[in-house]
Structure formats: C-alpha cells, structure tokens
Amino acid sequence: MDFFHYRQSKLYAEDVAVEAIAAAVGTPVYIYSKATFLDHLRKIQKAYSRLDTMVCFSVKACGNIHILRFLAGAGSGFDVVSGGELYRAMQAGAGPETIVYAGVGKTDVEMTEALRAGIGYFNIESEAELENLIGLAGQAGCRTRAALRVNPDVDYRTHKYTATGRKQTKFGVDIERALKVFDTYGANPDVRLCAVHVHLGSGGKTIDPYVDAVKKILPVIAELRRRGHAIEALDLGGGYGADYVSDSVPSAEDYAAGLIPLLEGKGLRLILEPGKSICANAGILLMRVLYTKTGGGKKFVIVDAGMNDLIRPSLYQAFHFIWPVAPAERFVPDRRDENLSIPGTEVVDVVGPICEGADFLAKDRALPPLARGDLLAAFTAGAYGFTMASNYNARGRTPEVLADGDVFTVIRRRETYEDLVSLER
Ligand SMILES: *Cc1c(COP(=O)(O)O)cnc(C)c1O
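Parameters at a glance
Residues numbered from 1 in each chain as written. Predicted model: local features only at pLDDT ≥ 70, side-chain atom pairs only at ≥ 80, totals over all residues. Heavy atoms only, no water. Pairing = 2+ DSSP bridges. Helix = DSSP H or I, 4+ residues; strand = E, 2+ residues; numbered from the N terminus. Near = heavy atom within 4 Å. Polar contact = N/O pair within 3.5 Å; in protein donor to acceptor, adjacent residues only side chain to side chain. Areas by Shrake-Rupley, 256 points an atom, 1.4 Å probe, with all protein chains shown as cover. 1 Å grid on protein atoms, 1.4 Å probe; cavity = no way out; pocket = protein on both sides within 12 Å on 5 of 7 lines; lining within 4 Å. Sits in = over half its atoms within 2 Å of the grid points. Nonpolar A, V, L, I, M, F, W, Y, C, P; charged D, E, K, R; others polar.

### Thoughts on the pairing of strand β14 (residues 283-295)
Here is step 1 of the chain: One ladder, built from four bridges, connects strand β4 (residues 29-33) with β14; its direction is antiparallel. Looking at the pairing, Y30 lines up with L285 of β14.
Here is step 2 of the chain: The sheet contact formed by β14 and strand β19 (residues 375-378) spans four bridges and is antiparallel. Bridging from a neighbouring strand, L286 pairs with A377 of β19.
Here is step 3 of the chain: When β14 meets strand β15 (residues 298-303), the two strands line up antiparallel, connected through six bridges.

Quick look at the structure:
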C-alpha cells in the first residue's frame, strides 16, 4: 500500500499533483510520500507488538536526514553500515541506543565514533573485527554491546548479489564457529557479546527463509545459554518483501504470524532492520521524455533520468513499474504489474542519457504512446534509488522532494555544476 495514485488521469503523491512538483523543481526528481513511510513503519511495529521489539530502519535504503528524523519521531531506530550513516542518523536526532551497526569492513575511526556515540549494538562479522573492537573499546574507555552475525545457511532465492545468508558469503560466521567465538570472547567486560544477528539478504518474497533461520538459530541460542552466555537479543536483519508489484509479497503481519509463535516466551528482545519494506514504494523517480527513436526494429524512449539516478535495473535486473504521469483516461493503470497490458500500448525500451549500454530503466515494456515532453514515473524507487545515485557523466544528483498531505518540501536540492567541481577547487 502506498499513497501514489491517479486522480482524473493525473498522478498524485498524497494530495500533491506530481506535475506541480515537476514544474517547481524540474526533472529528474525523487518524490517521497511521508504517509507511506509512516504507514509501513507502524504496520511493522504493530505486527510485532506482542514481543519486545526494536525496529531499526536500514539507513542505506533511503538516508535523507529529514526522512530519518520523522521516522525517529515515530519510534524507529536505525541500522547503519558506515560512519557516514551513523552521522546521518545522529544528525536526524536518533537516540544512539536505538542504533545498530553492521558491516564487514568497519574502520578503527568508524568503530571509535560509534563507541563514543554509545550505540545499541555492534553487529560483528568476524573474530578479527571483534578483537579489534575490544582493543578500541579499551583505548576509548567505552563499553558496548555486540551481536555476532551468524550465517544460518538457508536458501533465500533472490538475486545472487543480494543473498547474504549462505555459507559462501563474506558476511558473518557459520553456526559451528559461532559457538567458539562466544566461548572465546563471551566473558569480555568491555564488549558484551550478548546477541545474535542474522541478515539473510534483500528482495525476499516468502516467509520460509526467516522461519527456517529462526528454527536454526534458536537451538544455537539455547546452547549458548547452556554454556553460560547471557543472550538478550536476536536481530533478524532486513530483507522483508517490498511491494514492487501489487500485493506480490507477504505483509508485515504475515511475517509476524510466522515468527512470533517461534519467538514468544524465549526471553529475547527482537531487533528488525527493514529497509525496502518501509521505503521502496514510498518513493518514485520522476523523469521527462527527451526523445523517441526507432532502430533495429526496436523503439526507444530516451528519458532525462539514467543509471546514475536509478541503478537497480542495470545492477540487479530490478523491475520498476514505469507509467506516464498524465495518461489518456483509457491508459490509467489499475495495478503496477510487469505484465500489465492495455490495448493500444506499444513495446519499448526506456533508456537514459548515459554513455553505457547498461543504461536502461526498462526493457521490452508495454507503454502508452509517448511524445517528447511527457512525464514518466518509475514507481517503488524509494529504496536504493537516491542512495545509490552517482555523479557519473558529471550529472548533478537529483533533488529529493517530500510530499506530506497537500504540501511538498524540497528536502535535498538539485546539485549544481558548481557542486560538481567544488571539492576539486
Ligand atoms: C541492507 C541491509 C538491511 C536492509 O535490507 P532491506 O532489503 O532493505 O530490508 C538490513 N540489515 C543489514 C545488515 C543490511 O545490510
């Protein structure tokens, strides 16, 4: 569910006509719906309310400080994976104890910053990292808590770049090694190893891998407790389904229905790190058609947004529903589906201006006839959209606009040519 919809053949972000935003700030531009973020966050909080749960929004999915600020205000904590994301979360007013910090390559500087900030948990990915953290905590005179990231080795069935819970990944340690890590370091007073972290990957479409992972991890926690380790929390990471195509993934209540019976009464605080499931369909990328052309029996729609603005189609073969902002009435879509076919559409590739063959937003997609100047929206672009944007081809990054009811606010301005060279002066 989100708050982007057609009214009288025009696309609205909440109660703001998307055309008005294009007129005010130009294209391309990311447009977010505040109500959508909050709706998804609240649904997750509510679904797990029977457990002691901390929902930590994954900053890497969508990190604008204005968005983090209202999420923090609604009770969200944050999952960060770098010093920069920690800084963002702190700038947004997050309570440090609500921050969890994951990542295989945390530097000494980043870890010391997080120690000084007093974050909730370090999510530890290797023995070497844990040893380093113990040393740094001693030097800084800080105490902290840590969760060990364990690979439950379940099959996540997603794109190979986004499955992280198998044995052969660079993330975490396997179950057998986890026991040894706790036995070796579990008694350290500076870094209290008192939680288990699991993150299976991103882009999941079913509940089963989570249920399987919890079923594999609970006996490990029982064994750790038997050996005298006080385990207080289980962090189940992120990767919950995001609605890219109408109702194609389980809801927060569906996940909770599968997981709560396993976790209830276990004396574990539950930490969740949802990214996409909160923000993916809270954002669209708005772009304008520059040209249309035919070549090699194919029709191309060339738009003013490219892979530097939204890299997911090129990087992960990701699907984004793309549709005109002001279609003729008979083309108003009833759903956002890969296979949506309306008589009168034509099959095209939607491509960007970047000098790369991989610069496309959609391939072989049935779209209404388009002309120069038409506005198009790429839906479910709120996750890993702007945060993965670059300046490739010396293109300034797009502005970010937040719609809230009938008001919109520019929460990040468009980068200028001056911005592009300012650090080189
Ligand atoms: C990326 C990431 C997440 C968020 O994943 P989503 O698919 O956006 O929900 C959560 N936890 C960790 C450790 C991550 O790396």
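Picking up where we left off.
### Comments concerning the sheet that holds strand β3 (residues 16-17)
Here is step 1 of the chain: One open sheet accounts for three strands, arranged β1-β2-β3; its pairing is antiparallel. Looking along the sheet, the strands with just one partner apiece sit at the ends: β1 (4-7) and β3.
Here is step 2 of the chain: Bridge analysis of β1 against strand β2 (residues 10-13) gives four bridges, and the strand direction is antiparallel. Along β2, the bridge assignment pairs F4 with A13.

### Quick look at the site of the ligand
Here is step 1 of the chain: Around the ligand sit 14 residues, and of these K60, S202, G239, E273 and Y384 come closest.
Here is step 2 of the chain: Take G275: an N or O atom from its main chain is 2.9 Å from an oxygen atom of the ligand.
Here is step 3 of the chain: One of the side-chain N or O atoms of Y384 is found 2.6 Å from an oxygen atom in the ligand.
Here is step 4 of the chain: If the ligand stood free it would expose 390 Å²; the protein chains cover 94% of that surface.
Here is step 5 of the chain: The site holding the ligand turns out to be the largest pocket.
Here is step 6 of the chain: A class-by-class count of the residues in the shell around the ligand yields three nonpolar, seven polar and four charged.

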